[in-house]
Structure formats: structure tokens, C-alpha cells
Amino acid sequence: GLSGVRGQTFEAIEGGQVVSATLQIARNSAHSEPLIISLFEVDGLSRPTGDPLMSQEFPAETISEDGGAPTTLFAFDSGATLVPGQSYALTFRPRNLDPDVSLYTVRGGVNDGATYESGAALRSGDEGATWTVTPNVDWSFQVSVDAATPIVPATWGSIKAITDR
């Protein structure tokens, strides 16, 4: 489950202001820990770097407890402007991290050639101080700019669904 920070890198194929992100995510049990979604630039090793370009907290109650981790759209109050061709990292984490408690379940899958190839799944167990980058795995995600135009393909249609455990 999600007791640390997770993330997904992607390349912006169009520019514009980020208006939403979509994840396949579920809240575990009846906890009330909000989810924070942030956007970062990445370094040469595909790790988030610097201060977040944008960050927003979403109340836990707005996220389903469905163990199947349904597709959930997160609309941002104000978004960063993306530059075409530049890579970014979308990160998601509970507000307060507890290494012993799984607060959220995120779905992802193995990149089988039919899925998103321009990014990698990210994991951090130390609040983002260090990152594990897994190029052959993607979290189920989508990022949209301006009039909800997807700038990366929805990856949940063709991946093998696995639970992040």
C-alpha cells in the first residue's frame, strides 16, 4: 500500500496549464489522511527535483474505499504550465507518512510495450529524499491540460493490473 511517496514521470507532448490528474487509487479503511498530489521537474535520472511546480491536498473523504482502486479525477485549483518535450514527475502521498500503515492503494502495471513508454514509476520511503525509479512499470495515471486535453495517454486500458504492495 501507499505508506511512502509514489510518483510517475512523463513527457509533456503538449504545453499548457495542468487542470487535472487521474489516478487509479483507493483509500484503505476509514482513515482520514488527505492525499497530496504535486508536480515536479525531474533531474537527468528521472527523479523529482527542486520545489514543486504545483501541489494540492485532497480530502480523504473524496477518495473511494473501493479495494479495486477506481479511476479518480483530481481537479487542480491552479496548475503549473508545462513545456512540450520536457519531462515532469507527478507525485502522490498521504499528508503524514507512517511507514507502518498502508493508507492508500495505487494500481499500476508492467509496461508491456502497449503502454506508456515515456515515463517510469517512482517510489520513496524517506519523504522524497531518495527515489527508486522503475522504468518498466507505470502507475495508472493521466495528466490533462487546459480544456481537459490529455497530454499523456491513459495507461489503465492496456496494462496488467497489480496492487502496490
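Residues numbered from 1 in each chain as written. Predicted model: local features only at pLDDT ≥ 70, side-chain atom pairs only at ≥ 80, totals over all residues. Heavy atoms only, no water.

One pass over the full model with this rule turns up three salt bridges. The partner of Asp-43 in a salt bridge is Arg-47, and the shortest N-O contact between them spans 2.9 Å. By relative accessible area, Arg-47 is classed as partly exposed at 31%. Ionic contacts of the salt-bridge type, sharing partners, join the residues Glu-33, Glu-57 and Arg-95 into one network. (Salt bridge = Lys/Arg side-chain N within 4 Å of Asp/Glu carboxyl O. Buried < 20%, exposed > 50% of the residue type's maximum accessible area, 1.4 Å probe, protein only.)

Before going further, it helps to examine the confidence of the model for the protein chain. Of all residues in the protein chain, 70% have pLDDT values of 70 or greater, and the mean over the chain is 75. The least confident element of the protein chain is strand 14 (residues 162-163), whose mean pLDDT is 27; the most confident is strand 4 (residues 48-58), at 94. Note that pLDDT drops below 50 for residues 110-114; the model gives that stretch 12 contacts with residues more than four away or on any other chain. In the predicted structure, residues 148-165 sits below a pLDDT of 50 and forms 66 contacts with residues beyond four places in sequence or in another chain. (pLDDT = per-residue confidence, 0-100. Helix = DSSP H or I, 4+ residues; strand = E, 2+ residues; numbered from the N terminus. Contact = heavy atoms within 4.5 Å.)

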